[in-house]
Amino acid sequence: MSHSHPHRLFPYLLAAASLLSVSSFAQQTDPQQQTAQQPPAPKGTVLFERHEEPVAPEPEQPAAAPAKPGVSSSAHPPRLRRRSPDDAAESESAPAAEPAEAVASESPSSSSGDDVATTSPLVVTEADLAAAAKVPAEARRAPLVAARDLDVHLNTHTGLAEVRAQITVKNTGAQPLSAIALQVSGALKWESARIAQGGALKLEQHHLRDDLDHTGVASEAVFTLPEALGPGAVAKLDLYYGGTIAASGGRLLELGAPSEVAVRTDWDTVTDAFTGLRGLGNVLWYPVTGDPALLKDGAAVPKAVEASRAREVESAFALHLTLEYEGAQPDAAFFCGNRQKLTSAAEGVATVSWSMAKLGPRTPSLFVTLAAPQEMAGGLVRVVTDAADRAASIGEAAARVRPMLEQWLGSKPSRPLDVIDLPIPDAAGYADGALLVAPLRTAQPAAIAPSLVVPLTSAWLPDGIDAAWLRDGIPEFMQALWAERGGDRSVALAGLAAEAKRLRQMEADAAPQISSSSSDAPVVDGPVTPLSTCTQPSCARVRAAYVLQMLRNIVGEDALQGALSGWRLKQENTPGSAEQETASFQQMVQQVAGTKKLDWFFQSWIQGTGSLPQFEIAAIAPRKIERAAAPANLLPQHQQPYGGPIGREVQAPTDDPRAHWGGDKEVAQAGSWLVAVEVQNTGGTDAEVPVTVRAGTLTNTLPLRVPAHGKATIRIPFEAEPSEVLVNDGSVPESGLALHRRSITIAPASSR
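So, here is what we can say about the structure in this document. (Residues numbered from 1 in each chain as written. Predicted model: local features only at pLDDT ≥ 70, side-chain atom pairs only at ≥ 80, totals over all residues. Heavy atoms only, no water.)

### Digging into the overall build of the protein
Along the backbone of the protein there are 16 helices and 30 strands. Every one of the 752 residues in the protein was classed for burial, and the buried ones make up 56%. Accessible area for the protein stands at about 29,100 Å²; split by element, carbon and sulfur atoms hold 52% of it. (Helix = DSSP H or I, 4+ residues; strand = E, 2+ residues; numbered from the N terminus. Buried < 20%, exposed > 50% of the residue type's maximum accessible area, 1.4 Å probe, protein only. Areas by Shrake-Rupley, 256 points an atom, 1.4 Å probe, with all protein chains shown as cover.)

Shown next, in the form of structure tokens:
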């Protein structure tokens, strides 16, 4: 199960979004207003506890009370405290929170999501549009959030969220920046901003149409810097924002989706029964920067999410969570898939912290679980659910998948797979590494097992793999292997082909197009991101799965199993950078390949930037061997055919550098046929493609390496009169069609 993207689930939601007109949310707060009209001192217990020196209070501020366990040591501003819904009304009087009527309220929804369809949507007014149009493009595109340090206070009973965000922003543009634009969910409001350890910043905020948040609206703040931020320079900001986070189907409802569809898709919420926030693309609970994206623009939302992952792969993220609850204390919380037990800080208050020096190519997510997990399948899976039969089904399904993963990746996983029962029937599931969040049901283990292959594979891999193509590609490859075990190879390749459609579109968007008469899709003839450095899941996962499938054909299944399990063990013992992980994998594969030189393959498919190959059958020339006995050297030495481990092949000359294949080799026998097949590759990547000669149920397949923008010929021995030639069985991705078929017409003997 992969990250869910609404545009993939509901392609029919392409109607133009309507913008309702009410009073404007656009507003401006001067630094003097922030200083002169600070909110009153806390009336209740302050729950935040900072791990740094406190910021000195403004002279006119009341002195803060001594810190206690679970109490904030931050004195700017003293608003992060235990609050009730009545307190929220008082806080609206603060200048940064005006005007309250600009945003229709959303009450916290139940865990079932029944309220999603009835909550009033957020709106973008003409004044908001005018304010957003004034924001310079570079204010959104040039800033890079290089580090986040968030104090997040969530009240699961009211849905209130109050956040202090200390972030480091880097100017990645070529020109100095005088302002920085940041966005959070439209359900949240910016309260104040200042330069870290410095003065207050001028803050302007407005609503912005943005489907990167489930409300369909973002609250964008534009911070005017006291001095222009030069190219490559960084600024440290100290920001406060807050509001109520509730399930919202705003973006889908506005496009005309049925309410039940919105409930099952956009279930992110903060409630007593369930708390789950999936991050950018679902709910903006942390500050982001960039252009807005709309579902009506096709793949704009997932592309924006993937671009953000790629930009922030080296960014740091620290999270200090303070959870206010009623009743029994929740058990644990998950940040980016990493589980931590919650620690009691006071009655009704629990805390937990994470610190990630490098975020990696992932989207920050946050989940809270109420009950302790049930360990199943000998500790292989930890399931959080109140239904014992569902946990048992998950355990039995995981036990079915275990033998395949042990065979390919080693005897033990790196960590357990955590499964959270999502209390919304038929909702879209979510996976983040070794965390799976989905509505569980009691079903046969055989029906559940396929959905566990990817997250279980992630649990087998060491946490913190930086090379996205290995971290995301290996689970996708295992999914194909599982499909192959349950059916046949064509089933697995059909699954990869479905994913390849997105790969073709991605490459078509990334490079110029030229026409192709042999394909129903554009041929991409420009540079693409090398697989070794690709961090976007749509690139790394699909293309990497094909690479592993092709290596399986070249070196053999047993050899690739040895390479993968050896590489995994090495990464657990000596983790390295993405470059080191890729180099280590290539060394392992070359080691098990023996004399088969794979440099060309690594350069073409892992390090290369060429477009996908595109094959055509250029010519076919069958010839029958009429003599009573065939000589040992049927063809001139320089014309000896060569092939690979896919099937039987003609003996290749020993001095042919291309002939480093395994398998049985034999010459054509008397009375058999030799079928010469010329294949053209109009794409930008060298590839080894299977070529098959067929007659009824009889087939012979040999691999042929075809250079980019070139041709190659192979002569295939066949034991009967051939009737058909096929090039590519779907195991090699192409920019267009991935299966080429041509009939063979044999002339009568009298006319030959």
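### Section: the environment of Trp-673
Positionally, Trp-673 belongs in strand β25 (residues 673-681). Accessibility expressed as a relative area gives 5% for Trp-673, which makes it buried. Each C-alpha atom of the pair Trp-673 and Ile-716 lies 8.1 Å from the other, and the pair is 43 residues apart in sequence.

### A look at the packing of helix α9 (residues 388-409) against helix α10 (residues 445-460)
Packed helix pairs are characterised by how far apart their axes lie and by the angle those axes make with each other. Close contact between α9 and α10 brings their axes to 8 Å; oriented N to C, the two are set at 50 degrees. As judged from the angle between their axes, α9 and α10 are oblique. Judged by the sense of rotation from one axis to the other, the crossing of α9 with α10 is right-handed. Two secondary-structure elements touch here, α9 through Ser-393, Ile-394, Glu-396, Ala-397, Ala-398, Arg-400, Val-401, Arg-402, Met-404, Leu-405, Glu-406 and Leu-409 and α10 through Pro-445, Ala-446, Ile-448, Ala-449, Leu-452, Val-453, Leu-456, Thr-457 and Trp-460. Classifying every residue of the contact of α9 with α10 by side-chain character gives 15 nonpolar, two polar and four charged. (Axes fitted to C-alpha atoms, helices over the stretch in contact; angles between N-to-C directions. Parallel < 35°, antiparallel > 145°, perpendicular 65-115°, else oblique. Left-handed = near helix turned anticlockwise from the far one by under 90°. Contact = heavy atoms within 4.5 Å. Nonpolar A, V, L, I, M, F, W, Y, C, P; charged D, E, K, R; others polar.)

### Details of the packing of α9 against helix α14 (residues 557-573)
Axis separation between α9 and α14 bottoms out at 6 Å; the angle between their running directions is 85 degrees. Here α9 lies roughly perpendicular to α14, going by the angle between them. The residues of α14 that touch α9, namely those facing Gln-407, Trp-408 and Leu-409, are Glu-557, Leu-560, Gln-561, Leu-564, Ser-565 and Arg-568. Each residue belonging to the contact of α9 with α14 can be placed in one class, and the counts come to four nonpolar, three polar and two charged.

### A few points about the nonpolar core
Core analysis: the largest hydrophobic core is formed by 95 residues, its most contacted members being Trp-469, Met-478 and Val-691. Ranked by residue count, the leading element in this core is helix α13 (residues 537-555), at twelve residues. When sequence neighbours within four positions are dropped, the list of residues in contact with Val-691 reads Val-677, Val-679, Asn-700, Thr-701, Leu-702, Leu-704, Ile-714, Ile-716, Val-725, Leu-726 and Val-727. Core analysis: the next-biggest nonpolar cluster, separate from the first, contains 63 residues, Ala-235, Leu-237, Leu-280 and Leu-323 among them. (Core = buried A, V, L, I, M, F, W, Y, C linked by side-chain atoms within 4.5 Å.)

### Examining the packing of aromatic side chains
Taken as a whole and assessed by the stated rule, the structure comprises 18 aromatic pairs. Taking the centre distance of 6.4 Å and the plane angle of 45 degrees together, the rings of Trp-285 and Phe-317 count as tilted. Taken together, the residues Trp-285 in the loop between β10 (275-277) and α8 (300-311) and Phe-317 in strand β11 (residues 316-324) connect sequence positions 32 residues apart. A single burial state applies to Trp-285 and to Phe-317, both of which are buried. (Phe/Tyr/Trp six-rings, centres within 6.5 Å; stacked < 30°, edge-to-face > 60°.)

### Quick notes on the sheet that holds strand β30 (residues 740-743)
Pairing within the open sheet is antiparallel, and its four strands lie in the order β27-β26-β29-β30. Looking along the sheet, the strands with just one partner apiece sit at the ends: β27 (698-706) and β30. If you compare each strand with its neighbour and ignore which way they point, the axes differ by 20 degrees on average. In this structure, strand β26 (residues 687-695) lies alongside strand β29 (residues 724-727), joined through four bridges in antiparallel fashion. In the sheet register, Val-691 faces β29, and the bridge partner there is Val-727. (Pairing = 2+ DSSP bridges.)

### Here we look at the sheet that holds strand β14 (residues 343-346)
A sheet is described by the order of its strands in space; here seven strands give the open sequence β5-β8-β3-β2-β11-β15-β14, paired in mixed fashion. In this open sheet, the two strands that pair with only one neighbour each are β5 (188-195) and β14. Here the strands of the sheet are splayed against their neighbours by 20 degrees on average, with no regard to which way each runs. In the sheet, strand β3 (residues 160-171) pairs with strand β8 (residues 234-244) via eleven bridges, with the strands oriented antiparallel. Considered in β8, the bridge of Lys-170 is made with Val-234.

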